[in-house]
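So you can see what is in the structure, the chains are spelled out below.
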Amino acid sequence: KKENQVAKRELQGVTTLIAEVRQLIAAARNAAASTVNTLQVLTNFEIGRRIVEHEQKGEKRAEYGAELLRELSARLTEEFGKGFSITNLQLMRKFFLENQQRIQQQAAVKSLSPRKDPLAEGQSPPVPISQQPTWKSPFTLSWTHYVLLLTIKDFDERSFYEIEATNQGWSVPELRRQKAS
């Protein structure tokens, strides 16, 4: 009888351990997916920025822009595979144009915060980059969410759906359903 009680306690201990490990794995997977989504959105934002900046330095004719995107699409697709169609590059460009003020506002707020030279005040040297807190992205959804949001022309309406999708954790199909109703 005593052996049974010990075995049950050990089994409960293993069950608890398994539940804790499951939680750790699920949290790590969610964090990894979130990080990948954020990096994709930020990368696409930066691609859009570079397209706009290149266009501004180049000719203003529509044919020039179309040829630029065709060439960029062909070369990126050849090197990196799908995801760089002309349509997707146009979306990246539009995403940058629609959201550039967010990055500028965030940078402006950050530059207003007082900075002190820790060495001048006798403090220890700055923390190495690898240990510094990461920059918080102003983008909280996946690229597919933002592509869907770009179809909304009204800024306030688009902002509303972005906030709700973030706060409610809407999937892309749920965002599409909410937008349609």
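Our subject in this report is the structure included herewith. (Residues numbered from 1 in each chain as written. Predicted model: local features only at pLDDT ≥ 70, side-chain atom pairs only at ≥ 80, totals over all residues. Heavy atoms only, no water.)

A few points about the overall build of the chain
Piece 1. Counting secondary structure elements, the chain contains six helices and zero strands.
Piece 2. Shown N-terminal to C-terminal, the secondary structure of the chain runs as helices and strands in the order α-α-α-α-α-α.
Piece 3. Per-residue burial over the chain gives 23% buried out of 181 residues.
Piece 4. When contacts within the chain are restricted to residue pairs at least 6 apart in sequence, those whose partners lie at least 24 apart make up 63%. (Helix = DSSP H or I, 4+ residues; strand = E, 2+ residues; numbered from the N terminus. Buried < 20%, exposed > 50% of the residue type's maximum accessible area, 1.4 Å probe, protein only. Contact = heavy atoms within 4.5 Å.)

A word on the nonpolar core
Piece 1. Core analysis: the largest hydrophobic core is formed by 28 residues, its most contacted members being Leu89, Phe95, Phe139, Tyr146, Leu149 and Leu175.
Piece 2. Mapped onto this core, the elements with two or more residues apiece are helix H1 (2-57), helix H2 (62-80), helix H3 (86-112), helix H4 (143-149), helix H5 (155-168) and helix H6 (172-180).
Piece 3. Sort the elements by how many residues they give to this core and H1 lands first, with six residues. (Core = buried A, V, L, I, M, F, W, Y, C linked by side-chain atoms within 4.5 Å.)

A closer look at the pattern of salt bridges
Piece 1. Following the criterion strictly, the structure yields eight salt bridges and no others.
Piece 2. For Glu46, the salt bridge identified is with Arg49, shortest N-O distance 2.9 Å. You can see Glu46 and its partner Arg49 sitting in helix H1, three residues apart, about one turn around the helix.
Piece 3. Glu46 is the partner of Arg50 in a salt bridge, and the nearest nitrogen-oxygen pair spans 2.7 Å. Here Arg50 and its partner Glu46 are both found in helix H1, four residues apart, which amounts to about one turn of the helix. (Salt bridge = Lys/Arg side-chain N within 4 Å of Asp/Glu carboxyl O.)

Some points on the packing of aromatic side chains
Piece 1. Tallying each qualifying case throughout the model produces nine aromatic pairs.
Piece 2. Ring plane angle 80° and centroid distance 5.7 Å describe the contact between Phe139 and Tyr146, whose orientation is recorded as edge-to-face. Both residues of the pair, Phe139 and Tyr146, count as buried.
Piece 3. Their ring planes at 75° and their centres at 5.1 Å tell us that Phe160 and Tyr161 sit as a pair that is edge-to-face.
Piece 4. Put simply, the rings of Phe45, Phe95, Phe96, Phe139, Trp143 and Tyr146 touch in pairs and so form one group of aromatic residues. (Phe/Tyr/Trp six-rings, centres within 6.5 Å; stacked < 30°, edge-to-face > 60°.)

Brief notes about the environment of Arg93
Piece 1. Mapped onto the elements, Arg93 comes out in helix H3.
Piece 2. For Arg93, a relative accessible area of 28% puts it in the partly exposed group.
Piece 3. Sequence separation between Arg93 and Arg50 is 43 residues, and the spatial gap between their C-alpha atoms is 8.4 Å.
Piece 4. When near neighbours in sequence (up to four residues on either side) are disregarded, Arg93 contacts Gly48, Ile51, Val52 and Glu55.

Topic: the environment of Thr35
Piece 1. Position of Thr35 relative to the elements: it lies in helix H1.
Piece 2. Each C-alpha atom, one on Thr35 and one on Ser142, is 10.0 Å from the other, the two residues being 107 residues apart in sequence.

Considering the side chain of Arg158
Piece 1. Relative to the helices and strands, Arg158 resides in helix H5.
Piece 2. Of note is the side chain of Arg158, whose polar atom sits 2.6 Å from the side chain of Glu98.
Piece 3. Leave out the neighbours within four places in its chain, and Arg158 touches Glu98, Leu149, Leu150, Ile152 and Lys153. (Polar contact = N/O pair within 3.5 Å; in protein donor to acceptor, adjacent residues only side chain to side chain.)

Focus on a nonpolar patch on the surface
Piece 1. On the surface, Leu17, Val21 and Ile25 cluster together to form a nonpolar patch covering roughly 240 Å² of accessible area.
Piece 2. Note that Val21 resides in helix H1.
Piece 3. Note on Val21: relative accessible area 36%, which makes it partly exposed. (Patch = residues over 30% accessible without salt bridge, like charges linked within 9 Å, V, L, I, M, F, W, Y side chains within 5 Å. Areas by Shrake-Rupley, 256 points an atom, 1.4 Å probe, with all protein chains shown as cover.)

Observations regarding the side chain of Glu162
Piece 1. Of note, Glu162 is situated in helix H5.
Piece 2. With a relative accessible area of 10%, Glu162 lands in the buried category.
Piece 3. In terms of polar contacts, Glu162 uses its side chain to reach the side chain of Arg102, at 2.7 Å.
Piece 4. Contacts of Glu162, omitting those with residues within four sequence positions, involve Arg102, Pro138, Thr140, Leu141, Tyr146 and Leu149.

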